[in-house]
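Topology and contacts: notes
Listed below, chain by chain, are the residues.
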Amino acid sequence: MSRRSSLLVTAIAALIAVAIGILLSYTIRWFPVQASTQARNTDRLYHVLVIASVPIFVLVVTVVLYSVWQFRMKPGEELKDGPPIHGNTRLEVFWTALPTALLLGLVAYSFVVLHENEKKPAREIQIGVTGQQFVWTYQYPPSVTGGAPINSYQLYLPDNEPVYFDMRSKDVIHAFWIPAFRLQEDVVPGITTHYLATPDRLGSYPVICNLLCGPGHALMRSTVHVVTPARFQAWIKSQQSASASSSAGSSTAGGTTG
């Protein structure tokens, strides 16, 4: 096979490999379902990174394989040296400038996505998150409940409502991770950390501690329930009623004992 034919075959094979790689990146379900606007932005960034990375990977592998195929040592050439080749300045400038421009572009786009995910909305609700070995608890302040605050082991969020989480730890470092939101933040003792999420898909999704926090780490799981605003308000009222009944029962028991 002539050199030109071998180059043509190699180029066609490389283009096919690039197409297959990008197609697989969209076909394979790498991540759980998207349940927030931030998840959609993050997954879009992932696909942009894959589209940029696959051709580079294929190019490097193709050059290596083509060199092995066309320039491999033949029997009787074990003691021969390769021909002296002077550097190609134009090629060196090209393979330095192109990756630099590509990396700067990807960094800039990553910054745009991060800025979009963290952009403060016109209105948001604030919910407290407390991590301790080995459970998550959630605090709903009066600004959310419209009355008495609520402390719950279940996380309920209204659909399409930006939520600002205030996260604290009572003991060791935890990581508050909602895979369906594509968001994670360390929860550090003595520090209040935050992140913003806007759930946009009804359903129930796991909440996971993503840092090894002790022997019960694997059990430190919870659930976030994304519900309609009407159902969210109904849940708030049910929790307040249950809390009031519990308090009334405790008072009655205390009075009887006295």
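Residues numbered from 1 in each chain as written. Predicted model: local features only at pLDDT ≥ 70, side-chain atom pairs only at ≥ 80, totals over all residues. Heavy atoms only, no water.

**Quick word on the sheet that holds strand E10 (residues 221-227)**
The sheet built from five strands is open, its strands ordered E4-E10-E9-E6-E7 with mixed pairing. Looking at the sheet topology across the chains shown, the edges are occupied by strand E4 (155-158) and strand E7 (183-187). Taking each pair of neighbouring strands and ignoring which way they run, the sheet shows an average axis angle of 25°. The pairing of strand E6 (residues 174-178) with E7 spans five bridges and is antiparallel. Within the sheet, the bridge partner assigned to Trp 177 lies in E7 and is Gln 184. (Pairing = 2+ DSSP bridges. Helix = DSSP H or I, 4+ residues; strand = E, 2+ residues; numbered from the N terminus. Axes fitted to C-alpha atoms, helices over the stretch in contact; angles between N-to-C directions.)

**Section: a nonpolar patch on the surface**
Residues Leu 8, Ile 12, Ile 16, Ile 20, Leu 24, Ile 28, Trp 30 and Phe 31 make up a contiguous nonpolar surface patch of about 760 Å² in total accessible area. Relative to the helices and strands, Phe 31 is located in the loop between helix H1 (3-27) and helix H2 (37-71). Phe 31 gets classed as partly exposed once you look at its relative accessible area, which sits at 38%. (Patch = residues over 30% accessible without salt bridge, like charges linked within 9 Å, V, L, I, M, F, W, Y side chains within 5 Å. Areas by Shrake-Rupley, 256 points an atom, 1.4 Å probe, with all protein chains shown as cover. Salt bridge = Lys/Arg side-chain N within 4 Å of Asp/Glu carboxyl O. Buried < 20%, exposed > 50% of the residue type's maximum accessible area, 1.4 Å probe, protein only.)

**Concerning helix H3 (residues 89-118)**
Under the 1.5 Å per step criterion, the end-to-end length of H3 is 44 Å for 30 residues, consistent within 8% with the ideal 44 Å. Residues Leu 106, Val 113 and Asn 117 constitute the buried set of H3. In this structure, the buried side of H3 is in contact with H2 and strand E8 (193-197). Between a side-chain oxygen at the N-terminus of H3 and the backbone nitrogen of Arg 90 the separation is 3.1 Å; the capping residue is Asn 88. (Expected span 1.5 Å × (residues − 1). Contact = heavy atoms within 4.5 Å. Polar contact = N/O pair within 3.5 Å; in protein donor to acceptor, adjacent residues only side chain to side chain.)

**Focus: the side chain of Ser 25**
Inspection of the secondary structure assignment puts Ser 25 in helix H1. Judged by its relative accessible area of 3%, Ser 25 falls in the buried class. Reaching out from Ser 25, the side chain makes a polar contact with the backbone oxygen of Ile 22 at a distance of 2.6 Å.

**Some words on the packing of aromatic side chains**
In this structure the tally under the stated criterion is 11 aromatic pairs. Each ring, one from Tyr 66 and one from Trp 69, has its centre 6.0 Å from the other, and the planes form 90°; the classification is edge-to-face. Residue Tyr 66 and its partner Trp 69 are located together in helix H2, separated by three residues, close to a single helical turn. What makes Tyr 66 buried here is its relative accessible area of 10%. Every member of this aromatic cluster is reached through a ring pair, and the members are Trp 136, Tyr 138, Phe 165, Phe 176 and Tyr 195. The ring of Tyr 164 has Lys 120 sitting right over it, with the charged end atom 5.9 Å from the ring centre. (Phe/Tyr/Trp six-rings, centres within 6.5 Å; stacked < 30°, edge-to-face > 60°. Lys NZ or Arg CZ within 6 Å of the ring centre and 35° of its normal.)

**So, the sheet that holds strand E5 (residues 163-169)**
Reading across from one edge, E3-E2-E1-E5-E8 is the order of the five strands in this open sheet, with mixed pairing throughout. The open sheet is flanked by strand E3 (150-152) and E8, the only strands paired with a single partner. Across the sheet, the axes of successive neighbouring strands diverge by a mean angle of 25°, strand direction being ignored. Summarising the sheet, strand E2 (residues 135-140) and E3 pair through three bridges and their orientation is antiparallel. The residue bridging Tyr 140 from the neighbouring strand is Ile 150, located in E3.

**Points about the pattern of salt bridges**
All chains considered together, the criterion is met by five salt bridges. A salt bridge links Asp 200 to Arg 40, with the shortest nitrogen-to-oxygen separation between them at 2.9 Å. In this pair, Asp 200 is assigned in the loop between E8 and strand E9 (203-209) and Arg 40 in helix H2, connecting sequence segments 160 residues apart. Residues Glu 116 and Lys 119 are paired through a salt bridge, measuring 3.4 Å at the closest nitrogen-oxygen approach. Judged by its relative accessible area of 44%, Lys 119 is partly exposed.

**Re the nonpolar core**
Counting 34 residues, the largest nonpolar core has Tyr 140, Leu 155, Phe 165, Phe 176 and Phe 181 as the members making the most contacts within it. Look past the residues within four positions of Phe 181 in its chain and what remains in contact with it is Ala 35, Ser 36, Gln 38, Ala 39, Leu 157, Ala 197, Pro 199, Val 224 and Val 226. Counting residues in each nonpolar core, the second largest holds five residues, with Ala 14, Val 18, Val 50 and Val 54 among its members. (Core = buried A, V, L, I, M, F, W, Y, C linked by side-chain atoms within 4.5 Å.)

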